[in-house]
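# What the coordinates show
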Amino acid sequence: MQYISFIVSITAAHVSLPLSFSADVSFSLNGARKSGSKTTLERNIGRKNHRPDPGGPCTLCSPSTAGDVGQGCRVEPELGLRVRGAVEWRGGAPCGRSPSEVEAAEPLLRSLGGRTVGLARGTTVTLRKAGRSARGGVRQDRQSRAAAGVRRHVAQRSRMREVATSTSRDGRWEPPTPAAGTTMLPAAGSRVGRGLAGQALRCFSQAATFAIKPCDLYRLEQGPPATAELSREDALHYYRSMQTVRRMELAADQMYKQKLIRGFCHLCDGQEACCVGLEAGIAPSDHLITSYRAHGVGFARGLSVRAILAELTGRRGGCAQGKGGSMHMYARHFYGGNGIVGAQVPLGAGVALACQYLGSGGVCLTMYGDGAANQGQIAEAFNMAALWKLPCIFVCENNRYGMGTSIERAAATTDYYKRSYFVPGLRVDGMDVLCVREATRFATEYCRSGKGPLVMELLTYRYHGHSMSDPGISYRSREEVQAVRSKSDPIMLLQEKMVSSKLSSVEELKEINAEVKKEVEEAAQFATSDAEPSLDVLGHHIYSSNPPFEVRGANQWIKFKSIS
């Protein structure tokens, strides 16, 4: 007997526990086959230790002739297997055997931790010698290490043992009954989640309830709830959306540095919970207008990554056909992207007035930053909205810096949710998507009831500078940015909630990350290869509905035709 580190794979009929790993095993090298520098042992451990030959029938696998060695099968020497840890089972019944005929010689994997493993009749054991590193140590398989990391993060070891040792009274293997509130489901789009036991290992909860940070209230007797219910479907949607916004902004950063994007460009990475949470709290028919930091909000309102990046590069496939750029993106019920600081706030009050006048029952979310909060036009919009009880939610994204000036140096009071004095307000944790969602739902119900406007301050943080021309470290330290990333990152906070409550797994979220990365890369490729708009369309869409007319160019001899 020799002790060598091997990568172990055990195959049994119609059972799949995908737990690859490297483990120390003791076995006999009698009958081993040499293949290059690797030693491979393939044995069927059962009553006769046989291996079916693809060229002939197998009578041992037939219940009527169990115990006989038929044509095409070879008797192999006994193989003693001792495994420390879990093992891997893959599907595929030998000789077409049905799942109901799988009988356990002993309870499956009843004893782990170094004792001999009991296996089902007709089980195949494959031992593949692990490679050695440059230092002479045993090198673990990459998939094995990844799987081990997943198990550590998700803390499913006890669950794995339960699945592996689950047997019925007659010795047949059967998956465990899911706990109350859970459903056995494979991970969405997961290759590992396929198969009977793969589903058993993916016992995801379908909903979970979390305690969230209470909001600070102003002139309100009651605020949003202190708990939030999150379904698995919504959790995956929020995570994918925030991850997409993050990668899209990082792609825009690289394209700007490559001079593929020109002009102004304001990124919102770090503030993903704001745009995703706001969209989750309103109806698709509600309205939204924001400042020049509009990429994430535009995506949440329904714009594709391809349309946003193509607009940044000024291509025909952009959401404004390449004529708007970073600060002027539009979608249905989304009115931009406005380049003038604070100018969108009176426009948002006007949209709310239209909702009230038409009796549509809609509300308008009017977003602005802490840097714009000191402007007079903001106070005028507050006054008009309160006077006419407009269904308008004034959303202040307080990311602590107006351009390069901290809020403490620019404002006499930093309680922006109290700025109106006569309009109720609330201050929300803008780094938690659930806090933002619940506060938005509360605010929309308040405004729809006819009580008038509301001010909502979102405490958030941007990782980039004010714009791409701002390095973002001349007025704040790198340590400050890193501290926020490590403690309050919105994507990290949601991921921790999802994994701890079994709404998802680390492995599934990694697959979503890979899909998002591929989507953004393809969109970036499109944004650099799509055609630019021609000069013929330069004067188009000045009016929404108007007969064609001519527009004067840079001089009186240049004319452009405008078509609505």
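Computed from a prediction, not measured in an experiment: that's the story for all the values here.

### Considering the overall build of the protein
Helix and strand counts for the protein stand at 14 helices and 22 strands. For the protein, the proportion of its 564 residues judged to be buried stands at 52%. For the protein, the exposed surface amounts to about 26,900 Å²; the carbon and sulfur share of it is 50%.

### Some remarks on the nonpolar core
Counting 74 residues, the largest nonpolar core has L309, L426 and M456 as the members making the most contacts within it. Looking at this core, the element that brings in the most residues is helix α4 (residues 232–257), giving ten residues. Discounting chain neighbours no more than four positions away, the residues touching M456 are L278, I393, F394, V395, C396, L426, V428, A439 and T440. Counting 22 residues, the second largest nonpolar core, distinct from the first, contains A349, I378, C392 and I407.

### Brief notes about the confidence of the model for the protein
Averaged over all residues, the pLDDT of the protein equals 75, while 64% of them reach at least 70. In the model, residues 1–140 has pLDDT below 50 throughout and makes 308 contacts with residues more than four positions away in sequence or in other chains. The model gives residues 155–201 a pLDDT under 50, and that stretch makes 100 contacts with residues more than four places away or in other chains.

### Observations concerning the packing of helix α12 (residues 478–488) against helix α13 (residues 490–500)
When two helices pack together, their arrangement is given by the angle between the helix axes and the distance between those axes. For the pair α12 and α13, the least separation of the axes is 6 Å and the interaxial angle reads 20°. Regarding the angle of α12 to α13, the classification is roughly parallel. At the point where α12 passes α13, the crossing takes the right-handed sense. Counting all contacts with α12, which are made through R485, S486, K487 and S488, the residues of α13 involved are P490, M492 and L493.

### A short note on the pattern of salt bridges
In the structure shown here, the tally under the stated rule is 13 salt bridges. In this structure, D216 engages R427 in a salt bridge whose closest nitrogen and oxygen atoms are separated by 3.1 Å. Highlighted residues: D216 in strand β12 (residues 216–218) and R427 in strand β19 (residues 425–429), separated in sequence by 211 residues. Residue R427 is classed as buried on the basis of its relative accessible area of 18%. Note that K257 and D253 form a salt bridge whose closest N and O atoms lie 3.2 Å from each other. Of this pair, K257 and D253 are both found in helix α4, four residues apart, which corresponds to roughly one turn of the helix. We classify K257 as exposed; its relative accessible area is 56%. Given a relative accessible area of 5%, D253 falls into the buried group. What you see here is one network of salt bridges that share partners, running through D216, D415 and R427.

### Concerning the packing of aromatic side chains
All told, the structure shown has four aromatic pairs when counted by the stated rule. Ring plane angle 75° and centroid distance 4.8 Å describe the contact between F382 and F394, whose orientation is recorded as edge-to-face. One end of the pair, F382, is in helix α9 (residues 376–388); the other, F394, is in strand β16 (residues 392–398), and twelve residues separate them in sequence. Residue F382 shares its accessibility class with F394, and that shared class is buried. Ring centres of Y543 and F549 lie 5.7 Å apart, and the angle between their planes is 55°; on these two criteria the pair is classed as tilted. For Y543, a relative accessible area of 46% puts it in the partly exposed group. Lying across the ring of F526, R306 places its NZ or CZ 4.3 Å from the centre.

### Topic: the environment of C319
Within the fold, C319 resides in the loop between α7 (305–312) and α8 (344–358). When its relative accessible area of 22% is taken as the criterion, C319 is described as partly exposed. With 15 residues separating them in the primary sequence, C319 and S304 have C-alpha atoms 8.5 Å apart. Residues in contact with C319, not counting those within four places in the same chain, are L303, A307, E311, M329 and Y330.

### Looking at the sheet that holds strand β14 (residues 287–289)
On the basis of which strands lie adjacent, the open sheet formed by six strands has the order β12-β19-β20-β16-β15-β14 and mixed pairing. Strands at the two margins of the open sheet, each flanked by one partner only, are β12 and β14. Taking each pair of neighbouring strands and ignoring which way they run, the sheet shows an average axis angle of 20°. Pairing geometry for strand β15 (residues 364–369) and β16, over six bridges, is parallel. Its bridge partner lying in β16, Y368 is registered against C396. The strands touched by helix α5 (residues 272–281) are β15, β16 and β20 (454–459); relative to β20, the strand with the most contacts, the crossing angle is about 145°. Sitting on the sheet, α8 touches β14, β15 and β16, and the angle it makes with β15 is about 175°.

### Structural notes on the pairing of strand β13 (residues 227–231)
Across the two faces of β13 the burial differs, with A228 and L230 buried and T227, E229 and S231 not buried at all. In terms of strand pairing, strand β11 (residues 207–211) meets β13 through five bridges, oriented antiparallel. By the bridge assignment, F210 is partnered in β13 with A228.

### Considerations on unusual backbone geometry
Phi at K259 takes a positive value of approximately 65°, unusual for a residue other than glycine. Among the secondary structure elements, K259 is positioned in the loop between α4 and α5. Judged by its relative accessible area of 59%, K259 is exposed. Notably, R400 is not glycine yet its phi reads approximately 80°, a positive angle. Relative to the elements of secondary structure, R400 occurs in the loop between β16 and β17 (401–402). For R400, a relative accessible area of 35% corresponds to the partly exposed category.

Rules used in this analysis
Residues numbered from 1 in each chain as written. Predicted model: local features only at pLDDT ≥ 70, side-chain atom pairs only at ≥ 80, totals over all residues. Heavy atoms only, no water. Helix = DSSP H or I, 4+ residues; strand = E, 2+ residues; numbered from the N terminus. Buried < 20%, exposed > 50% of the residue type's maximum accessible area, 1.4 Å probe, protein only. Areas by Shrake-Rupley, 256 points an atom, 1.4 Å probe, with all protein chains shown as cover. Core = buried A, V, L, I, M, F, W, Y, C linked by side-chain atoms within 4.5 Å. Contact = heavy atoms within 4.5 Å. pLDDT = per-residue confidence, 0-100. Axes fitted to C-alpha atoms, helices over the stretch in contact; angles between N-to-C directions. Parallel < 35°, antiparallel > 145°, perpendicular 65-115°, else oblique. Left-handed = near helix turned anticlockwise from the far one by under 90°. Salt bridge = Lys/Arg side-chain N within 4 Å of Asp/Glu carboxyl O. Phe/Tyr/Trp six-rings, centres within 6.5 Å; stacked < 30°, edge-to-face > 60°. Lys NZ or Arg CZ within 6 Å of the ring centre and 35° of its normal. Pairing = 2+ DSSP bridges.

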